[in-house]
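# Residue-level structure breakdown
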Amino acid sequence: MVNINNVGSNQNTGIKEMKKNMLLILGGFVGILILFLAIYSQWCKNNRETTISEGEGSISSENKKIFAQNDTVNLNAEYFKIYGDNASGDSFAIEFYEPEPTGDFYAHMIQLKGSLYVKTIPKIVYDIANSRHHTPIADLIPINIDSLSKKPIYLRNKFSNDEETYIVLEVVQNKLARMTYEFGIQNTGICIPVHFNGKPTMMFFIFNNMNGYLMKTRDGWEGKIGATTFTSEYFEETTIFLPRDMTAFQNLKLLERSFYYEAGDFVIEKGQVYSRRILNKPLLKTTMDTLYSVGKTHYKNLIVGEKNNKKYLFNGLLQDITPPDGFRAIGNGEIFSVLANDNKVYSINDIGTLSKMDNLEKMKEGDTDEYHNYQYEIKERNETSFYITCKGGYGTNSLLETYRTTPISKLGLAQEVTFVNNKKRIRVSTRNIYEIHNYLVAEVNGFYGLYEFDNIVNYNFEEGMEEVVVNTELTSLLPNKYTQMYAHEMTQLVFFEKKGLKGYFPLHARGRYKELSPFINNAFARFTLPDGKKGWLQHNGKEYFD
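Residues numbered from 1 in each chain as written. Predicted model: local features only at pLDDT ≥ 70, side-chain atom pairs only at ≥ 80, totals over all residues. Heavy atoms only, no water.

### Side note on the overall build of the chain
For the chain, the count of helices and strands is three helices and 42 strands. The buried share among the 546 residues of the chain stands at 47%. Nonlocal contacts in the chain, meaning residues at least 24 apart in sequence, comprise 50% of its contacts between residues at least 6 apart. In the form shown here, the chain has an accessible surface area of approximately 28,800 Å², with 50% of it arising from carbon and sulfur atoms. (Helix = DSSP H or I, 4+ residues; strand = E, 2+ residues; numbered from the N terminus. Buried < 20%, exposed > 50% of the residue type's maximum accessible area, 1.4 Å probe, protein only. Contact = heavy atoms within 4.5 Å. Areas by Shrake-Rupley, 256 points an atom, 1.4 Å probe, with all protein chains shown as cover.)

Here is the structure:
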């Protein structure tokens, strides 16, 4: 007979043992999981790297120098914190926080030291969700290059009114940006998209002397460039209510913003363009065989490239503005002009627009600009000598200094001595000060010769100086054997004719052309050789035949 009580007791003992074993197994599993998480957390701390997307796939850099112009910074983060520091040097004055499995955070700081990299450190932040210093990244509106490049972004200083209060920011598809202040100063730089958790959310900027970032909140655009925090809040046409803001907004809209290249914006070497602060990655998609800038001033240049015998043209934002049908040469007079492949000369602007140029554009005598101007004048002393005076100043009225040479001989038998414009007075702008040639034209019995006198002007104008008498020497350049000799300005080549053949001094020592036109825009002149061949003469002396 089976003892029912013993059976029940054995069954209870088995169940207890089974529960005990299950608890041991579960405890062991939990312990393994905790150990795994601890090991994983420590591994993350020791091996934390940031990945940069590069078109196809991604790359991880052991030394963390991970910037390339076409790259995107990818971070996993849920909060960010803005610092009051300047966004300059190696800092962007912003920090990003990513939760780690243990409940603490990784703090990501993007820094710049010759290359762009991300420094990551573990950090403890208490009650981050309720911290007024930390903002959820989820509150930001996603942005990308496409949305930024559609129209200019107008921004104002968020906290104060000073001379750098208002800017307009323009971003282009090739990830370059130009910032223009209300008073006209411009800065050109590169921009780097930053993706958070796979979404394009923020843009970082690197200019020559400062850094910056831009994001979009529910209140509009907000960011920091250098020491200034900017916002678009209450600075859109429909939201402006302060008169000063409205004036600034209209000024920025009407401001003629230049997309020309400023010498020094970038480094041009070995057929490529580089940021002055990030030298390890090129900015042009294609490396040129030859690459150089052209322009008459520091602030107004274009970049010319040559690749496989084809010429390319880029503006200051490195946009390809090459004419659709190509071009043979570019001239940099008062405006840029190109000799196109259709054998015609056009003006070209900073966005690549071509316009017809049929006539030489001349600056009339007496025209002035924002630069210093001064006026040379030949004054008769007696029948055998003369002297040259020079008055300098701003515009036409405020003449600050007067110079006068000692007496100069009338060059032997010369009946008339003039400047290259065949007049005894000529006005010059110091805008082209280093291109000025101090030419004199002497006429003897209907034939002309060319002479040059030494500089007599101190270009550091000082108000109230008395007349300064200076010595000058004349140098003979061309003998009195020419039937024509003329130039509209002292900065131009001198046209001459001798025995029916024409040329431009100093490009030519003797006449070469049967027909020779004035230069269009001081860049290209039409010519015909004695044998009938025709073409274009560039200001540098190079000929382009039809």
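Anyway, onward from the coordinates.
### Notes on the nonpolar core
Formed by 38 residues in total, the largest nonpolar core has its most connected members in Phe96, Ile110, Leu116, Met202 and Phe204. A total of four residues in this core trace back to one element, the largest contributor, which is strand 12 (residues 186-196). Apart from residues lying up to four places away in sequence, Ile110 is in contact with Val73, Leu75, Asp90, Phe92, Phe96, Leu116, Tyr117, Val118, Val194 and Phe204. One finds Tyr374, Ile388, Tyr451 and Phe496 within the second-largest nonpolar core, a separate group that totals 35 residues. (Core = buried A, V, L, I, M, F, W, Y, C linked by side-chain atoms within 4.5 Å.)

### Let's talk about the sheet that holds strand 23 (residues 336-340)
As summarised here, the arrangement of the four strands in space is 22-23-24-25, forming an open sheet in which the pairing is antiparallel. Every other strand in the sheet has two partners, leaving strand 22 (327-332) and strand 25 (354-356) as the edge strands with one partner each. Neighbour-to-neighbour, the strand axes of this sheet turn through a mean angle of 35°, independent of strand direction. Where strand 24 (residues 345-348) lies against strand 25, three bridges are found, and the strand directions are antiparallel. Looking at the pairing, Tyr346 lines up with Lys356 of strand 25. (Pairing = 2+ DSSP bridges. Axes fitted to C-alpha atoms, helices over the stretch in contact; angles between N-to-C directions.)

### Some points on helix 3 (residues 243-254)
The terminal C-alpha atoms of helix 3, which comprises 12 residues, lie 17 Å apart, in line with the 16 Å expected from a rise of 1.5 Å per residue. What helix 3 keeps buried is the set Asp245, Ala248, Phe249 and Leu252. Along the axis of helix 3, the buried residues cluster in a sector spanning 100°; they form a single face. For helix 3, the exposed residues lying more than 90 degrees away from the buried face are Pro243 and Leu254. On its buried face, helix 3 is in contact with strand 9 (153-157), strand 10 (166-171) and strand 11 (176-181). (Expected span 1.5 Å × (residues − 1). Arc of directions from axis to C-beta.)

### Some details on the pairing of strand 5 (residues 94-99)
Counting buried residues in strand 5 gives five out of six residues, a clear majority hidden from the surface. Bridging between strand 4 (residues 79-82) and strand 5 involves four bridges; their strand directions are antiparallel. When the sheet's bridge partners are listed, Tyr79 is paired in strand 5 with Tyr97. Direction of pairing for strand 5 relative to strand 6 (residues 105-112): antiparallel, over a ladder of four bridges. Bridging from a neighbouring strand, Pro99 pairs with Phe105 of strand 6. Hairpin remark: strand 5 followed by strand 6, antiparallel, with five residues in the connecting loop; positive phi at Gly103, about 105°.

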